Amino acid sequence: MNTSDTNNTPQCYSIRSPPFNYTHPINSVYFSSIFSALGITSNLIAFIVLIKSFRRTHNRSRSFFLIFLGGLVITDFMGLLVTGSIVVSFHLTHFNWRQLDPNCHFCNFMGMSMVFYGLCPLLLSATMAVERFTGITRPFARSTNMPKSRTVSMVLMVWLVAGCIALLPLTGIGSYHIQIPGSWCFFNISWNGSDMVFSLLFSLVGLISIAVSFLLNTVSVVTLIKVCCGQDRTQRRRDHEVEMMVQLILIMIIASISWCPLLVFIAQTVLARKGFQSVYLLLYIRFATWNQILDPWVYILFRRAVLKRVYPRLDWSRGSIMTLYPSFQNTIRRFTRSSLGSNLGSDETGETEMSNVTLPSTLKLPPSSS
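Residues numbered from 1 in each chain as written. Predicted model: local features only at pLDDT ≥ 70, side-chain atom pairs only at ≥ 80, totals over all residues. Heavy atoms only, no water.

J.: What's the story with the pairing of strand β1 (residues 176–179) in this structure? I'm lost.
T.: For a regular strand, the rule is simple: side chains alternate between the two faces of the sheet. Two elements, β1 and strand β2 (residues 184–187), share four bridges in a ladder whose sense is antiparallel. Along β2, the bridge assignment pairs histidine 177 with phenylalanine 186. Linkage of β1 to β2, two consecutive antiparallel strands, is achieved through a turn of four residues, within which glycine 182 is found at a positive phi near 100°. (Pairing = 2+ DSSP bridges. Helix = DSSP H or I, 4+ residues; strand = E, 2+ residues; numbered from the N terminus.)

Here it is, written out as structure tokens:
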């Protein structure tokens, strides 16, 4: 290729130019079709479940949480629909990218979609962790009259942040390129110039989101365990908190397992200044796709309504998830008491002194012998 041809080559084809000769088993229409169909179906089912739950719930904290879940379901659904339809269409028709998209508009669109729908679940998980952390550890800091529109605004803000990051390559920070086997576009993972900046930005935003989710969820779980080991008079309200935290923890675990390999791979490649085999990038992308497939099943399966059907013989009269594991509850109560230390000691001392003061007043005086 001479210099004039190189200068006239659109940016998205300047590094890799289709068609590619790639016959690895992972590059198959069956993989793409199954992944897309399974993910789209799962998210549709989850969306229906969330709508029914939202209509039935009367708990404000849970309604806020369901709005976040709805935003996550919509994001996962649209991500699989947009990117999956392009990939499956390529495998079925083997269209020529250079003829179909000579100016890289289509490739840039898919690259932005990959970045946007990749970052959104991670950022939403971190935002949900912040919301639950505030609701559990500082319940009075959040106004009880906070409108649901504010939660919707938070979801829209996350979409806006992810969209701004996805648009950066169009401004010169990074660049989108066709990727082997020619069925998709992604940003160029390189240690040169602006490509390095965008690669590190994408990786760090994802890793920081996972770290924030892990830290805040850990604090929320510890706080919730201490609360749940108290008396039963507010157990029903606490069960909603437990149910939301279980779902949020599972979302965090799935996101961490699915995305960490790709995010670490990108950061390691850029910082080590070494090349990589395209098959590894494609493998990690496939692995990250499982996040959009498995997320909906957290909302579908891990609900009290489902658990009641799975364990119908258990005592659900209290409506308490903690009654599923009474021995675990006793262990946690002992651990919580020992961790609180002097605080519990002072509380128990105060209660003992109060009981000693009020005890004589409850005793009956013997009848007089007059």
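J.: Would you take a moment to explain the environment of serine 125 for this structure?
T.: Along the chain, serine 125 turns up in helix α5 (residues 105–137). Residues serine 125 and alanine 255 lie 130 residues apart in sequence; the distance between their C-alpha atoms is 8.5 Å. Contact partners of serine 125, with chain neighbours within four places excluded, come to Ser213, Leu248 and Ile251. Within the structure, the side chain of serine 125 is placed 2.8 Å from the backbone oxygen of proline 121, a separation counted as a polar contact. (Contact = heavy atoms within 4.5 Å. Polar contact = N/O pair within 3.5 Å; in protein donor to acceptor, adjacent residues only side chain to side chain.)

J.: Can you help me understand the state of the cysteines in this one?
T.: What we call a disulfide is simply a covalent bond connecting the sulfur atoms of a pair of cysteines. In the structure shown here, the tally under the stated rule is two disulfides. Linked covalently through their sulfurs, cysteine 107 and cysteine 185 form a disulfide whose S-S length is 2.1 Å. Between cysteine 107 and cysteine 185, the disulfide has an S-S torsion of -120° and is therefore left-handed. In this pair, cysteine 107 is assigned in helix α5 and cysteine 185 in strand β2, connecting sequence segments 78 residues apart. Accessibility expressed as a relative area gives 0% for cysteine 107, which makes it buried. Taken N- to C-terminal, the disulfide-bonded cysteines of the protein chain are connected 1-2, 3-4. (Disulfide = S-S within 2.5 Å. Buried < 20%, exposed > 50% of the residue type's maximum accessible area, 1.4 Å probe, protein only.)

J.: Please explain helix α6 (residues 148–167) as it appears in this structure.
T.: In an α-helix, one turn spans 3.6 residues, which is why side chains three or four residues apart end up on the same side. Along its 20 residues, α6 runs 29 Å from first to last C-alpha, staying within 8% of the 28 Å computed at 1.5 Å per residue. Where α6 is concerned, the buried positions are Thr151, Val155, Val158, Ala162, Gly163, Ile165 and Ala166. The buried side chains of α6 occupy one side of the element, clustering within an arc of 165° when seen end-on. (Expected span 1.5 Å × (residues − 1). Arc of directions from axis to C-beta.)

J.: Hey, could you run me through the packing of helix α3 (residues 60–93) against helix α9 (residues 278–301) in this one?
T.: Running from N to C, α3 and α9 cross one another at 140°; their axes reach a closest spacing of 10 Å. Remark: the crossing between α3 and α9 carries left-handed chirality. Touching Leu69, Leu72, Val73, Asp76, Gly79 and Leu80 of α3 are Thr289, Gln292, Asp295 and Tyr299, all from α9. Split into classes, the residues belonging to the contact of α3 with α9 amount to five nonpolar, three polar and two charged. (Axes fitted to C-alpha atoms, helices over the stretch in contact; angles between N-to-C directions. Left-handed = near helix turned anticlockwise from the far one by under 90°. Nonpolar A, V, L, I, M, F, W, Y, C, P; charged D, E, K, R; others polar.)

Read these as spatial facts, not as claims about activity.
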